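Residue strings, one per chain:
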Amino acid sequence: MLKPLNDRVVVKVEEQEEQTVGGFVLAGHAHETTKIAQVLAVGEGTRTLTGELVPSSVKAGDRVLLENHAGIEVKEGDDKLLLVREAEILAIVQ
C-alpha cells in the first residue's frame, strides 16, 4: 500500500454509470465535472512556518468529492489510484 507524505491523500475513484431515459449507458466521467472517491491512506499533514503539524481533515474510509482532473493517477497492482493534495478535495460526502 502507498503511504502518502505530508498533505497528500491516496484515493480510489468510485466508477459511476448513468442510464438515460433512452436506455443508453454513459460512463460517469464522460459528463461530470466532479467525482466521488474513497480515501485509502492519508499523510501526516502539513507544517506551518513555525514547524507545527496541522493534521489532515480527512481520514481513511471517508468518501470525498474531487474535481474531475484532480491528482496524479498511479497504479498499484491491478488498482488505479489517485494521489491528491488535501487542498484538491472539495468536500467530505456524508
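Keep in mind that this is a model prediction, so the values were computed, not measured. (Residues numbered from 1 in each chain as written. Predicted model: local features only at pLDDT ≥ 70, side-chain atom pairs only at ≥ 80, totals over all residues. Heavy atoms only, no water.)

Draft legend 1. Fine view of the pattern of salt bridges. Overall, the coordinates contain four salt bridges when judged by the stated rule. Here D7 makes a salt bridge to R85, at a shortest N to O gap of 2.9 Å. Placement of D7 in the segment before β1 (8-13) and of R85 in strand β9 (residues 79-85) is noted, with a sequence separation of 78 residues between them. According to the relative accessible area criterion, D7 is buried, its value standing at 17%. Residue R85 is classed as partly exposed on the basis of its relative accessible area of 36%. The salt bridge involving E14 is made with R63; its shortest N-O contact spans 3.0 Å. Note that E14 is positioned in the loop between β1 and β2 (17-19) and R63 in strand β7 (residues 63-67), a separation of 49 residues in sequence. Using a relative accessible area of 24% as the deciding quantity, one classes E14 as partly exposed. (Salt bridge = Lys/Arg side-chain N within 4 Å of Asp/Glu carboxyl O. Helix = DSSP H or I, 4+ residues; strand = E, 2+ residues; numbered from the N terminus. Buried < 20%, exposed > 50% of the residue type's maximum accessible area, 1.4 Å probe, protein only.)

Draft legend 2. Examining the side chain of D62 more closely. Relative to the assigned elements, D62 resides in the loop between β6 (53-54) and β7. Within the structure, D62 has its side chain in polar contact with the backbone nitrogen of K59 (distance 3.0 Å). Apart from residues no more than four positions distant in its own chain, D62 is found in contact with A37, Q38, V39 and I92. (Polar contact = N/O pair within 3.5 Å; in protein donor to acceptor, adjacent residues only side chain to side chain. Contact = heavy atoms within 4.5 Å.)

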